[in-house]
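# Breakdown of the fold
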Amino acid sequence: MFKNQQPTYYHDYLKLNALLNAQSPKSKEQGNEAHEEMLFIIVHQAYELWFKQILHDLKFIKNNFSQEQVLDEELSECTLKLERIHKIQGLLLSQIDVLETMTPMDFLEFRDLLIPASGFQSVQFREIEIGLGINEGQRPDMKQYNFMGRLNDKDQANLKKVMTQDSLFKLVEKWLERTPFLNNDEFDFWTSYKLSIEKMLEKDKKIIEENETLDSAQKEAQLANLAITGKTFEALLNEEIHNKSIEEGKKRLSHKATQAALFILLYRHEPIFNQPFRLLNGLMTLDSNFTTWRHRHAQLAKRMLGTKIGTGGSSGHKYLKATADRNKIFEDFNNLSTFLIPKSALPMLPKELKKKLSFHFSGY
Ligand code: HEM
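Just so you know, these numbers come straight off a predicted model, no measurement behind them.

What the protein offers the iron atom of the ligand as a donor is a single atom, His297 (NE2), at 2.2 Å. When you line up the elements, His297 lands in helix H14 (residues 274-305).

Here you go:
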């Protein structure tokens, strides 16, 4: 035991007095308690507790990425935290199954007492979205669904402060832009990658042209498709086109960070890129888990409300479906899969560079 430390008592340590007395069903206050309202409150409270843990872990990751250099051991710790968030997201998803044991008619017993409160006002949920780097402009119809207007002054001020801080997206982008090994005297990744792509497209063209099972119309159609693929690659390889896509809101990740991310994804088998790859992969999983939750929550809303509007006043399922389709943060990383090429077609790395990218014991 630590010096001068009183014996810790389970109930006090976990502040169970406060926690277990924090459920006040509105229907009970009205003198006609709806049995299911307790479940509704507890599920929402459990969500908020897990949101708190997600924010705690996100803070750890962001603090590390705010430094000028992210050390290997810190990167590994950040990846572990990210992987924990994935597990929490699994819990968040399965809590919907528990909530769905309440039937839509049970919900109607107390639903109107909630108006105008709604998950729409979950400040922690917004902190997660903003802290990760949601693009405010991509939210569905901001004028109609402006969540800020539904919050009190204190919560608005808190979120506005979060908006002024670098998001995880921004921090990861800056970290990627600092990636070493992209080009030096012995190797220029971009030039070598471009050559590999040109060779790959040329080879595909030849295969179509020499394919005797295709008639001329089929060949023409396939060559037209190949030309579209060529244009997609050009949009990546040409910095000007890439920057124009950013201006038009079609992409977010800077050209330099995109090059680095692609380099890491393509050469993830090189030991030094193992951790960066796990991190990027982890961010994509995080994003896709949130999208899955959003779709599942939209389905829940449809099952509970049909086409009724939400207690927060939105169009309900329609609005929630739009958020699931649009509110993605690390989508640019997912889109890089278009530009992956087989390992066998990758530009060979010079021997010296390969050595630098490997872990080697140099002896004491
Ligand atoms: C009976 C169960 C539920 C129903 C019918 C429901 C319905 C809705 C609806 C219709 C909205 C849109 C805003 C509005 O008009 O109110 C909404 C938003 C939201 N709900 Fe739920 N919800 C339920 C449970 C939950 C739970 C358990 C959570 C967990 C915290 C949650 C979190 C949210 C969040 C974060 C939003 C804002 C989404 C965004 O704007 O992107 N909801 N919900």
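So, on to the packing of aromatic side chains. Enumeration over the complete set of coordinates arrives at 21 aromatic pairs. One aromatic cluster in this structure is built from Phe187, Phe189, Trp190, Tyr193, Phe263, Tyr267 and Phe273. Looking at Arg126, its charged tip hangs above the ring of Phe120, at a distance of 5.2 Å from the centre. Arg126 extends its terminal NZ or CZ atom over the ring of Phe147, reaching a point 4.4 Å from the ring centre.

Right, let's talk about the packing of H14 against helix H15 (residues 317-326) for a bit. A packed helix pair is summarised by two numbers, namely the angle formed by the two axes and the spacing between the axes. At a closest axis distance of 8 Å, the pairing of H14 and H15 adopts a crossing angle of 170°. Here H14 is positioned roughly antiparallel relative to H15, judged by the angle of their axes. Seen from H14, the contacting residues are Thr291, Arg294, His295, His297, Ala298, Gln299, Ala301 and Lys302; seen from H15, they are His317, Leu320, Lys321, Thr323, Ala324 and Asp325. Its residues assigned to classes, the contact of H14 with H15 comprises 4 nonpolar, 6 polar and 4 charged.

A separate point is the site of the ligand. Around the ligand, the structure places 29 residues, and the nearest of them are Ser118, His297, Gly312, Ser314 and Tyr319. At a separation of 2.8 Å, an oxygen atom of the ligand approaches a polar side-chain atom of Arg126. A distance of 2.7 Å separates an oxygen atom of the ligand from a polar atom in the side chain of Ser314. Sorting the residues of the shell around the ligand by element identifies helix H4 (37-65), helix H7 (123-132), H14 and H15 as the ones contributing at least two each. A total of 7 residues in the shell around the ligand trace back to one element, the largest contributor, which is H14. Partitioning the shell around the ligand into residue classes produces 16 nonpolar, 11 polar and 2 charged.

The rules behind these values
Residues numbered from 1 in each chain as written. Predicted model: local features only at pLDDT ≥ 70, side-chain atom pairs only at ≥ 80, totals over all residues. Heavy atoms only, no water. Donors = N, O, S within 2.8 Å, 3.2 Å for Na, K, Ca; no water. Helix = DSSP H or I, 4+ residues; strand = E, 2+ residues; numbered from the N terminus. Phe/Tyr/Trp six-rings, centres within 6.5 Å; stacked < 30°, edge-to-face > 60°. Lys NZ or Arg CZ within 6 Å of the ring centre and 35° of its normal. Axes fitted to C-alpha atoms, helices over the stretch in contact; angles between N-to-C directions. Parallel < 35°, antiparallel > 145°, perpendicular 65-115°, else oblique. Contact = heavy atoms within 4.5 Å. Nonpolar A, V, L, I, M, F, W, Y, C, P; charged D, E, K, R; others polar. Near = heavy atom within 4 Å. Polar contact = N/O pair within 3.5 Å; in protein donor to acceptor, adjacent residues only side chain to side chain.

Read these as geometric descriptors, not functional statements.
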